[in-house]
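Structure at a glance
Below, each chain spelled out in residue letters.
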Amino acid sequence: MKGADYVVKRVLFALLTVFVAITINFVLFRMAPGSAVTNLARVPHATPETRLAIKREFGLDKSKFEQYLIYLRELAHGNLGISFANEQPVSQNLKTALINTIPMVLLGTIFAIVFGTLTGVIAAWRRGTNGEGLSVTTALTFYSMPTHWLGLMLVILFAGILPTGGMSNEFLLNPSFTTHVKDLGEHIALPALTLGLVLYGEYTLIVRSAMLETLGEDYILTARAKGLRPAAILRRHALRNALLPISTLIALSLGYIVAGAILVETVFSWPGIGRAVYDAVLQRDYPMLQGAFLVLTVSVVFFNLVADLLYFRLDPRITE
Amino acid sequence: MNKRLLAALVGGFALIALAVFGAAAHSSGSASGGTFRIGTSSRIDSLNPYVAFNQDAYNTFEYVYPMLVQYDKSNRHFVPDFATSWKTSNAGKTWTFKTRPHAVWTDGKPLTAKDAAWTINTDIKYAAGGAANAAGLVAHIVKASAPNATTLVVRYKQAPGNVLGQFQQFAILPQHVWSKYTGHKGNDLKTFSNSPLVGAGPFKLVKYSKNDIALFQRNDSFYGEKPKVDGFGLRMFSNEDTLVTALKSHEIDAIEAVPSTAIKTLSKGFNIRSTPGMDQTDFIINSNRRKTSHRELLDPKVKAAMAHAVDRKQIIKVVFLGYAKPASSIIPPATGAWHDRNVKPEKFDLKLANKMLDQAGLKKGSDGIRRANGHKMSYEVITPTDVPSTNRTFQILQPDFRKIGINLTQKALDSTAAFDAMTAPNGKYLKFDLALWDWVGLIDPDFMLSVVTCAQYEGWNDSGYCNPTYDKMYSRQQLTPNQAKRKQLVWKMQKYLYAQKPYIWLAAQDAVWAVAKNWGGLVASPQGPFNSINKLSLTRVHQQ
């Protein structure tokens, strides 16, 4: 039953975290200088009556507490509200932005996980060799590069070969299926690569560090002494035990996929969630911000919960 | 590693992309006239005229909706659009427009004067609610009616002075589509996504993806001059470097507003066109007479001295790389006759500025900073972070102002926070002293003249200026149908504001655009080639 207790506790904690985040999201954006009213009421030749009507329409004439209660009530009904900026349902805005963002960020993250883990393991296994030096230096270089700068360098490097931005070439006339798919692939390549390269450095360094710690353990020495093959030591004893920090990092990365990558999306004019949130901040579009951060909160909490449950599976000692 | 090899590697990476990216073939029209591809660093924020704010949205409405009138090629005179002729009666209080016969909307339904009358009446009815965005355009109108399919009659309370200027910006909407969205006291007008967009302009919108692309196809049933191209597209970039690279890589054919820093690079392979534009940068001085602190800034003599410490030449050279002219008036020179050429920019003369401040009794302290009413003349200048030119402008102003004994410090805020700080507390304009910003005007002067009226407090007013004498002049120009007399009044207002100085005008920027050499026919305008002034530019653009 210890296992069941652990799961129930984790789930309850996750739900509490989501509720607290919902409240903080509500308060935080309203603390920023400037208000939604500032933008909303700026319509040409607006009379004071018009301005008041606009405030009423969005419920901004009510007290903050009343607004909060209304927000909670609507949220309980699954209603994220209407965007102040384009007057469309927030859920619809978020859906469009997420559909654009997820493939690009997921691709970059998968690239980072695969290559980062691989180079991290190799660097730890080949400790002290030129291979490790090269791997760590490369990882550090990419890790320390500002994302937007790397993106711009890639744009300049591939100018005329790969598209500079956007999600597809909408000017293609009646493209065949293959042409269209190729076009999508060409457009996603640079933004996903930019994101992947920056994240890859982080993965390499953390995986290497986790592996080095494990490789220094007595049981590895015992395995070597028993004459096990290096590949078996690496896979069955070292990598498996180094999985805890790695799985945390992967879960966190996957959780943040829905946050998009604002810098990458800006450099490559990718109409995703990162840019949508940035625009919403500038416009003090509270419903859009609350909705976006709610999705982000739920995603991060969910993947953390997955990581917690995975710990339970990977390391049964946790419940003891 | 050469570029091809790198491309191969990245191409391999892209293959993985295909596995996660859903794909669906699509089409974008035929090929004979070609598709003119425009890049912009701005964007269409909404397809709904009751919601849209950005200029690119209004440019879109110009090309997809009928307007009663438009400006001619010189951007000076009104010529027919949906209305073919117009006349006034009842001492200028009634305007009768004859409209095009046999016009149709893109869904095949007839477009008549009744649509125009319905749009006007709807905007009047919901002016304080859902139609607030268009309320200014129907000011002073009592009612519109359409006695038959080709006659529109508009009745005003008083004879107005800017009827055609207002109707030039007024998009006529299809009654059979929009009349379903007047519920909730007109607020449904704002929540309608307007997709698919039913229009009647020279182009129809076939695809729109927010912050990404808007694709337009020639509308063969358009009542006016038919476009030469099959269509045009507007690609929205969020980064100016990639926008410029996209043009150089021939992913797009034109940039509607070229960043100053890219003009030299692009001039080698592309046609660069420029014309005086509508965008003017300004130095705002809080002119609210009710402000309690730093009241010395209300003194016109102090303001005049400050104006002499502005080095416009240096601002134009450094900030706009020469693509601007010294500005002097709230009405930019690009408006033609509306701009009063006798209102000249103040001469940059620090000696004179110092002398004027000395004469005003503002003595310098041992630290070189002047004292006014017992405090240092040290002020915060609010700069909006999304108007990048304000940063460099501040850097030029600060040392020159130090030389006349005024200390300036910068307070950079995003636009929303900046405007909030300027109107604080609660729209009373009591706390701020100075700010840098810009204004993008229209050809008709009414809008720019309105931004300093008391009625625009918390609205467009960003200077705290509120003066009943000026407001009377503003109302009078609105109700002066004789355009020559109205011009005299507009000139008088410019001189009045020049003396009162809620703004020190800095630089009138040029509209600069770049076009690939295989395209021609674009019509210049102060708003660039994609504009809301007339339907000419993209109707006439063609491959050469």
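About the criteria used
- Residues numbered from 1 in each chain as written.
- Chains lettered and ligands numbered in written order.
- Predicted model: local features only at pLDDT ≥ 70, side-chain atom pairs only at ≥ 80, totals over all residues.
- Heavy atoms only, no water.
- Helix = DSSP H or I, 4+ residues; strand = E, 2+ residues; numbered from the N terminus.
- Rg over C-alpha atoms; globule rule 2.2 N^0.38 Å.
- Contact = heavy atoms within 4.5 Å.
- Areas by Shrake-Rupley, 256 points an atom, 1.4 Å probe, with all protein chains shown as cover.
- Axes fitted to C-alpha atoms, helices over the stretch in contact; angles between N-to-C directions.
- Left-handed = near helix turned anticlockwise from the far one by under 90°.
- Nonpolar A, V, L, I, M, F, W, Y, C, P; charged D, E, K, R; others polar.
- Phe/Tyr/Trp six-rings, centres within 6.5 Å; stacked < 30°, edge-to-face > 60°.
- Buried < 20%, exposed > 50% of the residue type's maximum accessible area, 1.4 Å probe, protein only.
- Core = buried A, V, L, I, M, F, W, Y, C linked by side-chain atoms within 4.5 Å.
- Patch = residues over 30% accessible without salt bridge, like charges linked within 9 Å, V, L, I, M, F, W, Y side chains within 5 Å.
- Salt bridge = Lys/Arg side-chain N within 4 Å of Asp/Glu carboxyl O.
- Polar contact = N/O pair within 3.5 Å; in protein donor to acceptor, adjacent residues only side chain to side chain.
- Pairing = 2+ DSSP bridges.
- Disulfide = S-S within 2.5 Å.

A short note on the overall build of chain B
In terms of regular secondary structure, chain B is built from 17 helices and 23 strands. Computed over its C-alpha atoms, the radius of gyration of chain B comes to 25 Å, within 12% of the 24 Å expected for a compact globule of 544 residues. Expressed as a percentage of contacts within chain B between residues at least 6 apart in sequence, the contacts between residues at least 24 apart total 69%. As displayed, chain B has an accessible area near 21100 Å², and 53% of this comes from carbon and sulfur atoms.

Some thoughts on the packing of helix α13 (residues 273–283) of chain A against helix α14 (residues 286–314) of chain A
Residues and elements named next belong to chain A. The contact between α13 and α14 brings their axes to 9 Å, and the two run at 145°. Considering the relative orientation of α13 and α14, their crossing is left-handed. Contact residues: α13 offers Ala276, Val277, Ala280 and Val281, while α14 offers Met288, Leu289, Ala292 and Phe293. Of the residues contributing to the contact of α13 with α14, the split by class is eight nonpolar, no polar and no charged.

Focus: the packing of aromatic side chains
Residue and element names in this part refer to chain B. For the structure on display, the rule yields 33 aromatic pairs over all chains. For the ring pair Phe97 and Phe167, a centre distance of 5.5 Å and an interplane angle of 90° mean the geometry is edge-to-face. Here the residue Phe97 occupies a position in strand β5 (residues 94–99), and Phe167 occupies one in helix α4 (residues 163–167), the gap between them amounting to 70 residues. Phe167 shares its class with Phe97; the two are buried. Measuring from centroid to centroid gives 6.0 Å for Tyr465 and Tyr470, while their planes differ by 75°, and the two rings are edge-to-face.

What about the nonpolar core?
Residue and element names in this part refer to chain B. Membership of the largest hydrophobic core comes to 84 residues, with the highest contact counts inside it found for Phe97, Leu152 and Phe167. Excluding anything up to four places from it in sequence, Phe97 contacts Leu68, Ala83, Ser85, Trp86, Thr150, Thr151, Leu152, Val154, Val163, Leu164 and Phe167. Within the second largest apolar cluster, 36 residues are counted, among which are Phe283, Val310, Leu357 and Ala507.

Brief notes about a nonpolar patch on the surface
Residues and elements named next belong to chain A. The grouping of Phe13, Leu16, Phe19, Val20, Ile24 and Leu28 at the surface amounts to a nonpolar patch, some 580 Å² of accessible area in total. Mapped onto the secondary structure, Val20 falls in helix α1 (residues 2–31). A relative accessible area of 40% means that Val20 is categorised as partly exposed.

Describing the side chain of A:Gln290
Residue and element names in this part refer to chain A. Among the secondary structure elements, Gln290 is positioned in helix α14. Overall, Gln290 belongs to the buried group, its relative accessible area being 4%. In this structure the side chain of Gln290 is engaged in a polar contact, spanning 2.6 Å, whose partner is the side chain of Arg30. With residues near it in sequence (within four places) discarded, Gln290 still touches Asn25, Phe26, Phe29, Arg30 and Tyr71.

Re the pattern of salt bridges
Using the criterion set out here, one finds 24 salt bridges over all chains in the structure. Put simply, A:Arg10 and A:Asp308 hold a salt bridge, and the shortest N to O gap is 3.0 Å. In this pair, A:Arg10 sits in helix α1 while A:Asp308 sits in helix α14, placing the two residues 298 residues apart along the sequence. The exposure class assigned to A:Arg10 is partly exposed, which follows from its relative accessible area of 29%. Between A:Arg284 and B:Asp414 there is a salt bridge, and its shortest N-O distance comes to 3.0 Å. Linking A:Arg284 in the loop between α13 and α14 with B:Asp414 in the loop between β19 (407–413) and α13 (415–423), this pair reaches from one chain into another.

Re the sheet that holds strand β9 (residues 151–156) of chain B
Strand pairing in a sheet relies on backbone hydrogen bonds, with the paired strands running either antiparallel or parallel. Residue and element names in this part refer to chain B. With antiparallel pairing, four strands are arranged side by side in an open sheet as β4-β5-β9-β8. Two strands bound the open sheet, and with one partner strand each, they are β4 (83–89) and β8 (141–148). Strand-to-strand, the axes of this sheet are offset by a mean angle of 20°, without reference to chain direction. Lying on the sheet, helix α3 (residues 113–125) is in contact with β5, β8 and β9; it crosses β8 at an angle near 160°.

Points about the side chain of B:Asp414
Classification of B:Asp414 as buried rests on a relative accessible area of 18%. Setting aside its immediate chain neighbours within four residues, B:Asp414 contacts A:Leu282, A:Arg284 and B:Thr385.

With respect to the state of the cysteines
Residues and elements named next belong to chain B. Across all of its chains, the model carries one disulfide over all chains by this definition. Note that Cys454 is cross-linked by a disulfide to Cys466, the S-S spacing being 2.0 Å. Around the S-S axis, the bridge from Cys454 to Cys466 shows a dihedral of about 105° and counts as right-handed. Of this pair, Cys454 sits in the loop between α14 (446–450) and α15 (468–478) while Cys466 sits in the loop between α14 and α15, and the two are 12 residues apart along the sequence. Overall, Cys454 belongs to the partly exposed group, its relative accessible area being 22%.

Take it as geometry only, folks, not as evidence of what the structure does.
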